[in-house]
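# Secondary and tertiary structure notes
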Amino acid sequence: MTKAVNAGWKLDSDDKACYIEVDENENETVDRSDENDSNNDDPDHCWTQWSNLPDHILERIFSHLTIKERYYASLTCSGWYRAFYLPHVWSNFLVEDATLGRMRYNYYSGWQPVLDHARLQSCLLSVGHLIRGLDFRPQVSFNNMFQFMSLISWAMEQNARTAGCPREWVGCGSRIRSLNYLFPCNMAMSEDPESIKLFGTGGQLLAALKRLMLCLTNLHSLSLVDLFLERYEANHLLDEVLESCCLVLRRLCLVNVTNVHCPIMHIGLFLNLQVLVVSPQNIDDDVLMLLADSKVKHLTLLQNRYTPPALAISPCSAKAWLTVRRDNPKLRVHLCVESTTNAVILLQPEAPVASMIYQTPKTMITSDQLVAAVDAYKYTLTVYGHEQLPAITAEAVGDGEFQERPDSLLLLLARSCPGLNALMVRECISTATILLIATSAQNLRHLYINRAQVRLGCDWPRSPDWTDEFYGWLQSTAASIEATEQEVSRILDHPYWHLLSEEQFQMASLTRHVAV
């Protein structure tokens, strides 16, 4: 007896037959097809309305899909085919190693993605006029990035020709308002996440990037991260941007342009720049003098895991910061560090610092750092905290005696900074400390506490300033988690305030309180 099975040829990347694949679940397939047939014949079968979703919802859904997934989704029905070309779907174009590529075998590296020029040209001709943002995130295929930049730059150059542009390329790239480029500078092959082997970009890839930036005449946001250029390259990095976007650029992010001290003077020449994110090794007193006469409202000094240690970088002088505060009184400075090691923030003397955010799982609160921050920024600081869960043991966090914990340091911060609005604490503190922070901070409205690190009770020695009534209230309330949450909710005027679980704490972020 002959048995029918479902089978078919499997093709490789060159469309050559490799082997025959047999579907072992053919019975399930037959049953499923029979069920579908019965549903088609059933007049009472209720069909879903996914094909009739409103355009603004389809745009949001399609914008989260990859290019390949968008294409397959557009094949389902006419409504989704039309949604494929909605403007918001292509508002941000993510370019990775395998974007619009095909696999090619390399004798040294095996199968590698190679940019398919036919696909890229077809894509740009179809949706190039809808793209509002380019986001380059290469991993190993730098040649793909170079070719992508070269082709889209050529398309935009055709639009700028005085002799006229070919009809099919009209409008390609004309709506691009943001450009993000993240270079994979860490070439360490070790599986250790803390292993670092830095290499910078340059050469033809840098030339292609500068050519692209020259073509983007309506750029509002530019982000260049971890380029690690030589000094002579960094000094001319923004020449093309300054020529094409001097009046329109609003947000500029330059992180680790170099690995050594190299001020980037161009950042003070953009006349309408409002938000600036830069590494501390790429500014100095001369740059601050330019920013003092600019329209910049928010300056973020960002240190990531590849930035040189704080001890290896010299801060700007107090005299320069005082000049900035006098000439640009609306400027707010934000200090942020992102690292997997025990990194600390480089303090800037006399700077108008509004926020200090640690995104370092191994950095703990120390008396030296916190007291220095309070002394320097007590009249301007509004946001302070350590994000992410600690990557060390509970004993190292301070799950022990009161003297070993940061309770007294956090209370000093709350009492000394009258403008403190948001505070995030991930280390071990007591419920009494939470109550004291809530009652001492005058303008505190957002308090994030890791519930797993909270200890019940009042282990504070009685202060001479406390009345018997206050000390009794503190002891009785601190004996219960529920009572502590209720009192803090009342003090902060936040009816739904509560301690956060580890999952909630991991998702919480202080950047939402930094108006940038």
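Let me begin by describing the structure that accompanies this report. Just so we're clear, the structure is a prediction, and the values are computed from it rather than from any experiment. (Residues numbered from 1 in each chain as written. Predicted model: local features only at pLDDT ≥ 70, side-chain atom pairs only at ≥ 80, totals over all residues. Heavy atoms only, no water.)

All right, on to the overall build of the protein then. Looking only at helices and strands, the protein has 18 helices and 18 strands in total. Per-residue burial for the protein yields a buried fraction of 46% across its 516 residues. Within the protein, contacts between residues separated by at least 24 positions form 66% of all contacts whose residues are at least 6 apart in sequence. A total of about 26,800 Å² of accessible surface is found on the protein, and carbon and sulfur atoms cover 52% of it. (Helix = DSSP H or I, 4+ residues; strand = E, 2+ residues; numbered from the N terminus. Buried < 20%, exposed > 50% of the residue type's maximum accessible area, 1.4 Å probe, protein only. Contact = heavy atoms within 4.5 Å. Areas by Shrake-Rupley, 256 points an atom, 1.4 Å probe, with all protein chains shown as cover.)

This next bit is on the packing of helix 6 (residues 142-159) against helix 7 (residues 203-215). Taken N-terminus to C-terminus, the directions of helix 6 and helix 7 make an angle of 30 degrees; their axes are 9 Å apart at the nearest point. Classified by the interaxial angle, the pair formed by helix 6 and helix 7 is roughly parallel. When you trace helix 6 past helix 7, the crossing you get is left-handed. Residue-level contacts link Phe-142, Met-145, Phe-146, Met-149, Ser-150, Ile-152, Ser-153, Trp-154, Met-156 and Glu-157 of helix 6 to Gln-204, Leu-205, Ala-208, Leu-209, Arg-211, Leu-212 and Cys-215 of helix 7. Among the residues forming the contact of helix 6 with helix 7, the class breakdown is 12 nonpolar, 3 polar and 2 charged. (Axes fitted to C-alpha atoms, helices over the stretch in contact; angles between N-to-C directions. Parallel < 35°, antiparallel > 145°, perpendicular 65-115°, else oblique. Left-handed = near helix turned anticlockwise from the far one by under 90°. Nonpolar A, V, L, I, M, F, W, Y, C, P; charged D, E, K, R; others polar.)

What follows deals with the side chain of Thr-201. On the secondary structure map, Thr-201 appears in the loop between strand 7 (178-182) and helix 7. Assessed through its relative accessible area of 11%, Thr-201 is described here as buried. Beyond its immediate chain neighbours, meaning those up to four positions away, Thr-201 contacts Tyr-181, Phe-183, Leu-206, Leu-227, Phe-228, Leu-229 and Glu-233.

Another aspect to go through is the pairing of strand 9 (residues 251-255). In terms of residue burial, strand 9 counts as a mostly covered element, since 4 of its 5 residues are buried. One ladder, built from 5 bridges, connects strand 8 (residues 221-225) with strand 9; its direction is parallel. When the sheet's bridge partners are listed, Ser-221 is paired in strand 9 with Arg-251. Sheet topology note: the strand 9/strand 10 (residues 275-278) ladder contains 4 bridges and is parallel. Counted as the bridge partner of Leu-254 is Val-278 from strand 10. (Pairing = 2+ DSSP bridges.)

It is worth spelling out helix 5 (residues 117-127) at this point. Regarding helix 5, the residues found buried are Leu-120, Cys-123, Leu-124 and Val-127. On an axial view of helix 5, the arc spanned by its buried residues comes to 95 degrees, and they lie on one face. Structurally, helix 5 contributes buried residues whose contacts are with strand 3 (92-95), strand 5 (110-115) and helix 6. Among the residues of helix 5, the N-terminal cap falls to Asp-116, whose side-chain oxygen and the backbone nitrogen of Ala-118 are separated by 3.1 Å. (Arc of directions from axis to C-beta. Polar contact = N/O pair within 3.5 Å; in protein donor to acceptor, adjacent residues only side chain to side chain.)

What the rule picks out here adds up to 1 cavity of 30 Å³ or more. Estimates place the volume of the largest cavity at around 40 Å³. Lining the largest cavity, in full, are Val-95, Glu-96, Asp-97, Thr-99, Leu-115, Asn-144, Met-145 and Phe-148. Per-element tally for the lining of the largest cavity: the top contributor is helix 6, with 3 residues. (1 Å grid on protein atoms, 1.4 Å probe; cavity = no way out; pocket = protein on both sides within 12 Å on 5 of 7 lines; lining within 4 Å. Points joined across faces, edges and corners; volume = space filled by probe spheres on them.)

Counted under the stated rule, the structure contains 12 salt bridges. When the shortest N-O distance is used, the salt bridge between Arg-102 and Asp-116 registers 4.0 Å. Within this pair, whereas Arg-102 is found in strand 4 (residues 101-106), its partner Asp-116 is found in the loop between strand 5 and helix 5, the two being separated by 14 residues in sequence. The class of Arg-102 is partly exposed, set by a relative accessible area of 33%. On the basis of relative accessibility, which here comes to 15%, the residue Asp-116 falls in the buried class. Here Arg-137 makes a salt bridge to Asp-135, at a shortest N to O gap of 3.2 Å. Look at Arg-137 and you get partly exposed, because its relative accessible area is 36%. (Salt bridge = Lys/Arg side-chain N within 4 Å of Asp/Glu carboxyl O.)

Let's shift gears to the environment of Val-127. Its location among the elements puts Val-127 in helix 5. Using a relative accessible area of 2% as the deciding quantity, one classes Val-127 as buried. In contact with Val-127, other than residues within four places in its own chain, are Tyr-85 and Trp-90.

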